[in-house]
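Next come the chains, spelled out residue by residue.
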Amino acid sequence: MLEITTQKLKESEERVSILLEQQKIDRDNSKKRILELEMSTKKKMKEMQTLLDDKLEQQQYLESINSSLTVKHFESNSELQNARRQLLKGLNDKLGARTKIGIRRMGAIDVKAFQSEMLREDDEKLVFLKEEWGEIIYKIVTNALLELNEYNSSGRYVVPELLNFKEDKKASLSEVIDYLLRKWRTSKWRRT
């Protein structure tokens, strides 16, 4: 009996030894796998960091370009506005009602339209204007208010503007320059 027990004990020890060896192998494999995963993760993190750095650099470059373009747009717009003001100053006495391009004071009420209409002096409300005075007066006053809001909403005073009278619209700088060059070529405005 002692021999059988010793035999069984020996077999149990062998199984325990085999299990311990297998556990050691499994633990070593797990350590290797963990190290491989750590290395792979570090490599991916470096790649992602490099990609992120590139994207940040690209974003800074694009923001710089956008800032430069915004400044150039502002400068160009200011230059165009100054050119329009200079044209208005220089052409004020050259352009009249019979020319294709002329200057109109935006927001000013056309006095000619009032010559055939009678206004009641006590009526001051725009809401009742149409009912009280009719469509023509209402359109004249509302058009003047719309022009004031469009051309100078903060100051609400009359602003001169270059207009294409033929097409009843704001004249572009190229239209004005083309018109002036044609007039100059025909010697209509040449000084002697």
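Conventions adopted
Residues numbered from 1 in each chain as written. Predicted model: local features only at pLDDT ≥ 70, side-chain atom pairs only at ≥ 80, totals over all residues. Heavy atoms only, no water. Salt bridge = Lys/Arg side-chain N within 4 Å of Asp/Glu carboxyl O. Helix = DSSP H or I, 4+ residues; strand = E, 2+ residues; numbered from the N terminus. Contact = heavy atoms within 4.5 Å. Patch = residues over 30% accessible without salt bridge, like charges linked within 9 Å, V, L, I, M, F, W, Y side chains within 5 Å. Areas by Shrake-Rupley, 256 points an atom, 1.4 Å probe, with all protein chains shown as cover. Buried < 20%, exposed > 50% of the residue type's maximum accessible area, 1.4 Å probe, protein only. Core = buried A, V, L, I, M, F, W, Y, C linked by side-chain atoms within 4.5 Å.

Enquirer: What exactly am I supposed to notice about the pattern of salt bridges here?
Expert: Side chains that carry opposite charge are capable of pairing whenever their charged atoms lie near each other. Inspection of the entire model under this criterion finds four salt bridges. Between Glu36 and Arg33 there is a salt bridge, with its nearest N and O atoms 3.6 Å apart. Residue Glu36 and its partner Arg33 are both found in helix α1 (residues 2–91); the two are separated by three residues, about one turn of the helix. The salt bridge involving Glu175 is made with Lys169; its shortest N-O contact spans 3.1 Å. Shared partners join several salt bridges into a network, and the residues in it are Glu167, Lys169 and Glu175.

Enquirer: Is there a simple way to explain the side chain of Arg84 in this structure?
Expert: Structurally, the position occupied by Arg84 is in helix α1. Setting aside its immediate chain neighbours within four residues, Arg84 contacts Glu161, Leu162, Lys170, Ala171, Ser172 and Leu173.

Enquirer: Would you mind showing me how to read a nonpolar patch on the surface here?
Expert: Judged by side-chain polarity, Tyr61, Leu62, Ile65 and Leu69 come together as a nonpolar surface patch covering roughly 410 Å² of accessible area. Residue placement: Leu69 occurs in helix α1. When its relative accessible area of 54% is taken as the criterion, Leu69 is described as exposed.

Enquirer: How do you make sense of the environment of Arg84 when you look at a structure like this?
Expert: We classify Arg84 as buried; its relative accessible area is 10%. Considered as a pair, Arg84 and Val176 are 92 residues apart in the sequence and their alpha carbons are 9.6 Å apart.

Enquirer: I would appreciate a short explanation of the nonpolar core in the present structure.
Expert: In globular proteins that are soluble, nonpolar side chains generally tend to be buried together. Grouped together as the largest cluster of nonpolar side chains are eleven residues: Leu87, Leu88, Leu91, Leu95, Ile101, Leu162, Ala171, Leu173, Val176, Tyr179 and Leu180. Looking at this core, the elements that each hand over two or more residues are α1 and α4 (173–185). Excluding residues within four positions of it along the chain, Leu173 makes contact with Leu80, Ala83, Arg84 and Leu87.

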